[in-house]
Amino acid sequence: MLSREERTPFSEWWWTVDKPLMGAILALMLTGVILSLAASPPVATRIGLDPFHFFSRHVLFLVPSCIVLVGVSFLSPRAIRRSALIIFAISIILIVLTLAIGPEVKGSRRWITLLGVNIQASEIAKPSFVVIAAWLFAESTRRPEMPATSMAVVLLLMLVALLVMEPDFGQTMLVLMVWGSLFFIAGMRMIWVFGLAGLGAAGLFSAYLFVPHVAGRIRRFMNPASGDTFQVDTAMEAFYNGGWFGLGPGEGIAKRSLPDSHTDFVFAVAAEEFGIILCLAMLALFAFVVIRTLSRAYANEDMFSRFAASGLAILFGVQAAINMSVNLQLIPAKGMTLPFISYGGSSIVSLAYGVGMMLALTRLRPRTEVEASGHAEAMRSYA
């Protein structure tokens, strides 16, 4: 057993990290492994790969993800800011390279291959962008004379412009919602709330008018008879078939025909084979992660840690909500992974980086360490 008197980095981490939050994350990872084993073999067989191709790669991706998660959770808030700047700069460069030389798939350029590894740079950009935006908003509360909010707006516009050029409107909407939430938490005026809501509505309407595949998805959502709704219809049938307790592991039917059963529609596979009970348990885990992080963030005296942890929790929760809502046909279809459940290397690693920062920012730190960061005065002036 580790003693509280020990002063090693590991013992300090062990006694300050939020263990219930870490346990919930590990439970989601384990659930993802089980559902990958259930959902991915039919997809792999259908495209001529080994039945366990996606499952083995999913487990393989978890190894560096766990290393990243634990390693980042050791960092101090200052180190998190610095790492976020570096990661964001690298991800922006990779997005630009993707737009220049990345292959076009289904009308979009979202992937780039480096050293034999497919990378979706926009996934990597999200958590680092949230941390940098939180840093700027925290500075604006501490030093009102600094144009930090304007810098945050410029940062948002730059990332959104690159995402729209791919195009990736799902990630664009996610980034806008998280940024708007951070702006609200930082104490923006109500006129900005209505202004941002109006801009978001105008952007969505423009996408409907000028981007054919966005218009098609919205029309199919409003009127299913207007186009092909095979995937969402099959997903809904999976929920009906599964009932409360499911058909049993390996007995699902939807995964045999759903092309994205291991990614975008893994939630439907979970419902069919393990029942709505498992879906509710997963929903409870996601809700626990978000609420636990927000409550710990609210109790934090460091404004940067408060904003950054809140933004990362909102990013995590909104992404999960979008995926589950698409499966339940509550919103138009979007290519959004379910955190730690869906298959996807870039997604799992970037989520591990974001959750690692959440764990680091919600650690119980001595008051002297918080005051040494130079943000205690910001808290008093903000209050």
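Residues numbered from 1 in each chain as written. Predicted model: local features only at pLDDT ≥ 70, side-chain atom pairs only at ≥ 80, totals over all residues. Heavy atoms only, no water.

Under an unreviewed UniProt entry, the name given to the protein is Probable peptidoglycan glycosyltransferase FtsW, and the organism recorded is Bradyrhizobium diversitatis. Regarding the protein, the UniProt comment filed under Subcellular location (unreviewed entry) reads as follows: "Cell membrane". UniProt annotates the protein under Sequence similarities (unreviewed entry) with the comment "Belongs to the SEDS family. FtsW subfamily." (UniProt positions renumbered as here; feature names shortened; annotations may be inferred.)

### Side note on the overall build of the protein
Regarding its fold elements, the protein presents 15 helices and 2 strands. At 21 Å, the protein has a C-alpha radius of gyration in line with the 21 Å of a compact globule built from 383 residues. Along the first, second and third principal axes, the C-alpha set of the protein runs to 60 × 55 × 40 Å. A separation threshold of at least 6 residues defines the contact pool for the protein, and within that pool the share at least 24 residues apart is 74%. In the structure as shown, the protein presents an accessible area of about 17800 Å², 70% of it carried by carbon and sulfur atoms. Placing the 28 positive and 24 negative side-chain charges of the protein at their respective mean positions leaves the two points 5 Å apart. (Helix = DSSP H or I, 4+ residues; strand = E, 2+ residues; numbered from the N terminus. Rg over C-alpha atoms; globule rule 2.2 N^0.38 Å. Contact = heavy atoms within 4.5 Å. Areas by Shrake-Rupley, 256 points an atom, 1.4 Å probe, with all protein chains shown as cover. Lys, Arg positive; Asp, Glu negative; His and termini not counted. Charge placed at Lys NZ, Arg CZ, Asp CG, Glu CD.)

### Looking at the pattern of salt bridges
A complete count under the given rule lists 7 salt bridges for this structure. Put simply, lysine 126 and glutamate 123 hold a salt bridge, and the shortest N to O gap is 3.1 Å. One end of the pair is lysine 126 and the other is glutamate 123, both in helix 5 (residues 121-142) and 3 residues apart, which spans about a single turn. Exposure class is identical for lysine 126 and glutamate 123. Each is buried. When salt bridges that share partners are traced, they join Asp18, Arg292 and Arg296 into one network. (Salt bridge = Lys/Arg side-chain N within 4 Å of Asp/Glu carboxyl O. Buried < 20%, exposed > 50% of the residue type's maximum accessible area, 1.4 Å probe, protein only.)

### Here we look at the environment of alanine 148
Counting through the fold element by element, alanine 148 comes out in helix 6 (residues 148-165). Placed 45 residues apart in sequence, alanine 148 and valine 193 show a C-alpha to C-alpha distance of 18 Å. Dropping the residues within four chain positions of it, alanine 148 is found in contact with Leu136, Glu139 and Ser140.

### Considering the side chain of glutamate 272
Examined against the element boundaries, glutamate 272 turns out to sit in helix 11 (residues 266-298). Among residues more than four places away in sequence, those in contact with glutamate 272 are Ala238, Asn241, Gly242, Gly246, Leu247, Gly252, Ile253, Ala254 and Lys255.

### Let's talk about the packing of helix 5 against helix 7 (residues 169-185)
The N-to-C vectors of helix 5 and helix 7 enclose an angle of 15°; their axes lie 10 Å apart at closest approach. What the angle tells us is that helix 5 and helix 7 run roughly parallel. You can see that helix 5 and helix 7 cross each other, and the crossing is right-handed. Contacts between helix 5 and helix 7 involve Ser122, Glu123, Lys126, Phe129, Val130, Ala133, Ala134 and Phe137 from the former and Gln171, Leu174, Val175, Val178, Trp179, Leu182 and Phe183 from the latter. Considered class by class, the residues forming the contact of helix 5 with helix 7 number 11 nonpolar, 2 polar and 2 charged. (Axes fitted to C-alpha atoms, helices over the stretch in contact; angles between N-to-C directions. Parallel < 35°, antiparallel > 145°, perpendicular 65-115°, else oblique. Left-handed = near helix turned anticlockwise from the far one by under 90°. Nonpolar A, V, L, I, M, F, W, Y, C, P; charged D, E, K, R; others polar.)

### A few points about helix 5
The first and last C-alpha atoms of helix 5 sit 32 Å apart over 22 residues, in line with the 32 Å expected at 1.5 Å per residue. By the largest-angle criterion, proline 127 marks the main kink of helix 5, which is about 25°. Where burial is concerned, most of helix 5 is hidden: 19 out of the 22 residues are buried. (Expected span 1.5 Å × (residues − 1). Bend = angle between axes of the 7 residues up to and from the residue.)

### Re the packing of helix 7 against helix 8 (residues 190-210)
Following both chains from N to C, one finds helix 7 and helix 8 inclined at 175°, their axes separated by 11 Å at the closest point. As the angle between them shows, helix 7 and helix 8 are arranged roughly antiparallel. Contacts from Phe169, Trp179, Phe183 and Phe184 of helix 7 reach helix 8 at Trp192, Val193, Leu196 and Ala207. When grouped by side-chain class, the residues that make up the contact of helix 7 with helix 8 number 8 nonpolar, no polar and no charged.

### Brief notes about the environment of glutamine 319
Within the fold, glutamine 319 resides in helix 12 (residues 303-327). For the pair glutamine 319 and glycine 170, spaced 149 residues apart in the sequence, the C-alpha separation amounts to 9.6 Å. Each residue touching glutamine 319, except ones within four places of it in the same chain, is listed here: Lys126, Leu174, Met336, Thr337, Pro339, Ser347 and Leu351. A polar contact of 3.0 Å, which involves the side chain of glutamine 319, links it to the side chain of threonine 337. (Polar contact = N/O pair within 3.5 Å; in protein donor to acceptor, adjacent residues only side chain to side chain.)

### Some words on the confidence of the model for the protein
In the predicted model, the protein carries a mean pLDDT of 86, and 92% of its residues have values of at least 70. This model gives residues 375-383 a pLDDT under 50, and the stretch forms 21 contacts once residues within four places in sequence are excluded. (pLDDT = per-residue confidence, 0-100.)

### A few points about the nonpolar core
Note that soluble globular proteins tend to have their nonpolar side chains buried in a common cluster. Counting residues in hydrophobic clusters, the biggest one holds 102 residues, and the most contacted among them are Phe129, Phe137, Leu159, Phe286, Phe316, Leu338 and Phe340. Of all the elements, helix 12 adds the most residues to this core, at 13 residues. Excluding anything up to four places from it in sequence, leucine 159 contacts Phe88, Ile92, Ile95, Ala125, Phe129 and Val175. (Core = buried A, V, L, I, M, F, W, Y, C linked by side-chain atoms within 4.5 Å.)

### Describing the packing of aromatic side chains
Enumeration over the complete set of coordinates arrives at 13 aromatic pairs. When the ring of phenylalanine 54 is compared with that of tyrosine 343, the centres are 5.0 Å apart and the planes differ by 75°; the resulting orientation is edge-to-face. Linking phenylalanine 54 in helix 3 (residues 53-73) with tyrosine 343 in the loop between helix 12 and helix 13 (345-361), this pair joins segments that are 289 residues apart in sequence. Taking relative accessible area as the criterion, tyrosine 343 reaches 14% and is therefore assigned buried. With 5.3 Å between their ring centres and 15° between their planes, phenylalanine 137 and phenylalanine 183 make a pair best called stacked. Of this pair, phenylalanine 137 sits in helix 5 while phenylalanine 183 is found in helix 7, placing the two residues 46 residues apart along the sequence. (Phe/Tyr/Trp six-rings, centres within 6.5 Å; stacked < 30°, edge-to-face > 60°.)

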